[in-house]
Structure formats: structure tokens, C-alpha cells
Amino acid sequence: MRLVLAAIGQKMPSWVEAGYAEYVRRMPAHLRLALCERPASPWAARGDVERGRREEAQALRALAPAGARLVALDERGSAWSTRDLAAQLERWQADGRDVVLLVGGPDGLDPALRAEAAACWSLSPLTLPHPLVRVVVAEQLYRAHTLLVGHPYHRSG
């Protein structure tokens, strides 16, 4: 099983790259998290948000290996605790299929792509900047893994 963070947006600040890289480095070899980026569509900036989201959805779909489980990151999704995420991670590993975590651009994910996803995960009721989402997802996946293996990184009851 591979974990892929498929995200719209490129040229992240150095603190994002460093934070993301730190948690990816900590992940075990069997749970490597790969980042695949695509540029934001120019259509939204030109006033056609729907076309921009459709174009970005097409780019994100192209990053998903055949048969992969799609997980949309969206504010309308389900809020998962760390223990919930650990249980998801355990199920994903047992299933064996690749998991692609979808992060849309500034205007969010195309509704059709969101509907295709097997799950829709909300990181927070807050609106988070897209660069920060990358770091939070990587850290939470690492934390979920440590919870599953009994590592002391996750100390909450």
C-alpha cells in the first residue's frame, strides 16, 4: 500500500517543505507518504471557478493509481480524531490498496471528485491554509502510525 498526498499548488514556503519532510522521514518504509503536486488552474483567477475546479479535479484524478482509494480533504467531511485516523490507517493497510488523499486548490475540490471519494475527511472546522494542510496531514499520519505500534509519540489517553 502506498499513501499519496495529491495536492493542488506548488512552490511552497521553506517551512512547509521542512515540516512535511520531517514527518515523511519519520514514517516507516511500508507507509511512505508521497507528495504529488499540480499547479492551480488559471481559470478561477479569470472568474470561472467551476471550470478551474474541474480542471484541477482532472489533474488530481490523473495522479491516482488505478484502483486506489480516494480520500477527499474537505471542510464538509467527517472530523476524525487521531484514534479514528489510526483505525482508518489500519483498515487501509489491511485492504492493501493505495490511498490517495486529495487536497484541492483555493476554491476547494470539484463536487464530482468529492463524490467519487470513498471518504471525506475534515481536518478542522477552521479554514486552514493549503500549505499548512500538507504538514498537518503528514504529522497526523505519523501520529496515527505511532498509536498503532505503541510508540510513545502519541501520549494522549
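Just above sits the structure.
A brief report on the enclosed structure follows. These numbers were taken from a predicted model, which means no experiment stands behind them.

## Some thoughts on the packing of aromatic side chains
Next up, step 1: One pass over the structure, following the stated rule, counts 4 aromatic pairs.
Next up, step 2: With a centroid separation of 6.2 Å and an interplanar angle of 40°, the aromatic rings of Tyr23 and Tyr142 are classed as tilted. With Tyr23 in helix H1 (residues 14–26) and Tyr142 in helix H5 (residues 130–149), this residue pair connects regions lying 119 residues apart in the sequence. Taken individually, Tyr23 and Tyr142 each receive the classification buried, so the pair is uniform in this respect.
Next up, step 3: One aromatic cluster is present, built from ring pairs that chain together Tyr23, Tyr142 and Tyr153.
Next up, step 4: Positioned above the aromatic ring of Trp43, the side-chain terminus of Arg46 is 4.8 Å from the ring centre.
Next up, step 5: One Lys or Arg, Arg51, reaches over the ring of Trp43 and ends 3.5 Å from the middle of that ring.

Conventions and cut-offs
- Throughout, residues of each chain are indexed from 1 in the direction in which the sequence is written.
- Local features in this predicted model are restricted to residues whose pLDDT is 70 or higher, and side-chain atom pairs enter the listing and the counts only when it is 80 or higher, whereas totals over whole chains, interfaces and linings include all residues.
- Neither water nor hydrogens contribute to the side-chain values; these are computed over all heavy atoms in the structure.
- Ring pairs are drawn from Phe, Tyr and Trp, using the six-membered ring of Trp, whenever the two centres fall within 6.5 Å, and their geometry is named by plane angle: stacked under 30 degrees, edge-to-face over 60, tilted for the rest.
- Put simply, DSSP H or I for four residues or longer makes a helix, DSSP E for two residues or longer makes a strand, and each gets a number counted from the N terminus.
- Three exposure classes are used, based on accessible area relative to the maximum for each residue type with a 1.4 Å probe and protein chains only: buried under 20%, partly exposed in between, and exposed over 50%.
- Think of it as a cone above the ring: NZ of Lys or CZ of Arg counts as a charge over the ring if it is within 6 Å of the ring centre and within 35 degrees of the ring normal.

By themselves these figures say nothing about function.
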